[in-house]
Amino acid sequence: MSKKMKIMVPCNEAHHVCDKSQYKEASLWEKLKLYIHLIYCKTCRKYSKNNKKLSTTIHKAKVECLDKKCKEAMKLEFEKALKDQLK
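Residues numbered from 1 in each chain as written. Predicted model: local features only at pLDDT ≥ 70, side-chain atom pairs only at ≥ 80, totals over all residues. Heavy atoms only, no water.

**Let's talk about the side chain of His37**
Position of His37 among the secondary structure elements: in helix H2 (residues 28-40). Of the polar contacts made by the side chain of His37, one reaches the side chain of Tyr40; its length is 3.0 Å. When residues no more than four places from it in sequence are discounted, the contact partners of His37 are Val9, Pro10, Cys11, Ala14 and Cys44. (Helix = DSSP H or I, 4+ residues; strand = E, 2+ residues; numbered from the N terminus. Polar contact = N/O pair within 3.5 Å; in protein donor to acceptor, adjacent residues only side chain to side chain. Contact = heavy atoms within 4.5 Å.)

Right under this line is the structure:
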């Protein structure tokens, strides 16, 4: 038995694919299902539009994330301060 090809997707799945698509992680089939969903779902079109605006704004702002080493040092410092506070 073969799997049926589901074209219609619920909104929560459409949101997930929208997010994946912005990070270039969605497959062609997922993108196709998303575009079909966006044709008939006004709410998801708005979600997609707002998501794109947010990504564009963050990209333009050239936001830089902390490197892994710095994050780990901050975590250790926070945990130490928390322990000291609880004493």
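Having seen the structure, we can now continue with the description.
**Considerations on the packing of helix H1 (residues 11-22) against helix H3 (residues 42-61)**
Orientation of H1 relative to H3, taken along the N-to-C sense of each, is 25 degrees, at an axis distance of 10 Å. Classed by the angle they form, the pair H1 and H3 counts as roughly parallel. As H1 packs across H3, the resulting crossing turns out to be right-handed. For the pair formed by H1 and H3, the contact residues are Cys11, Ala14, His15, Cys18, Asp19 and Gln22 on the first element and Cys44, Tyr47, Ser48, Asn51, Lys52 and Ser55 on the second. The residue makeup of the contact of H1 with H3, split by class, is 5 nonpolar, 5 polar and 2 charged. (Axes fitted to C-alpha atoms, helices over the stretch in contact; angles between N-to-C directions. Parallel < 35°, antiparallel > 145°, perpendicular 65-115°, else oblique. Left-handed = near helix turned anticlockwise from the far one by under 90°. Nonpolar A, V, L, I, M, F, W, Y, C, P; charged D, E, K, R; others polar.)

**Details of the layout of surface pockets**
By volume, the largest pocket is sized at about 200 Å³. The wall of the largest pocket is formed by Cys18, Ser21, Gln22, Lys31, Leu34, Tyr35, Leu38, Ser48, Lys49 and Lys52. Those elements that place two or more of their residues in the lining of the largest pocket are H1, H2 and H3. (1 Å grid on protein atoms, 1.4 Å probe; cavity = no way out; pocket = protein on both sides within 12 Å on 5 of 7 lines; lining within 4 Å. Points joined across faces, edges and corners; volume = space filled by probe spheres on them.)

**Some thoughts on the confidence of the model for the protein chain**
Considering every residue of the protein chain, the mean pLDDT works out to 88; 94% of them sit at 70 or more. Put simply, helix H4 (residues 68-86) is where the protein chain has its lowest mean pLDDT, 91, and H2 is where it has its highest, 94. (pLDDT = per-residue confidence, 0-100.)

**Notes on the state of the cysteines**
Tallied over the entire structure, the rule returns 0 disulfides. We note that Cys11 lacks a disulfide partner, and the nearest cysteine sulfur, in Cys44, lies 3.6 Å from it. Counting only cysteine sulfurs, Cys65 is the nearest neighbor of Cys70, a cysteine outside any disulfide, at a range of 11 Å. Residue Cys70 is classed as partly exposed on the basis of its relative accessible area, which comes to 32%. (Disulfide = S-S within 2.5 Å. Buried < 20%, exposed > 50% of the residue type's maximum accessible area, 1.4 Å probe, protein only.)

**Some details on the nonpolar core**
With 9 residues, the main nonpolar core is built from Val9, Ala14, Val17, Cys18, Ala26, Leu34, Leu38, Cys41 and Cys44. For this core, the leading source of residues is H1, giving 3 residues. Setting aside chain neighbours within four positions, we find Val17 in contact with Ala26, Glu30, Lys31 and Leu34. (Core = buried A, V, L, I, M, F, W, Y, C linked by side-chain atoms within 4.5 Å.)

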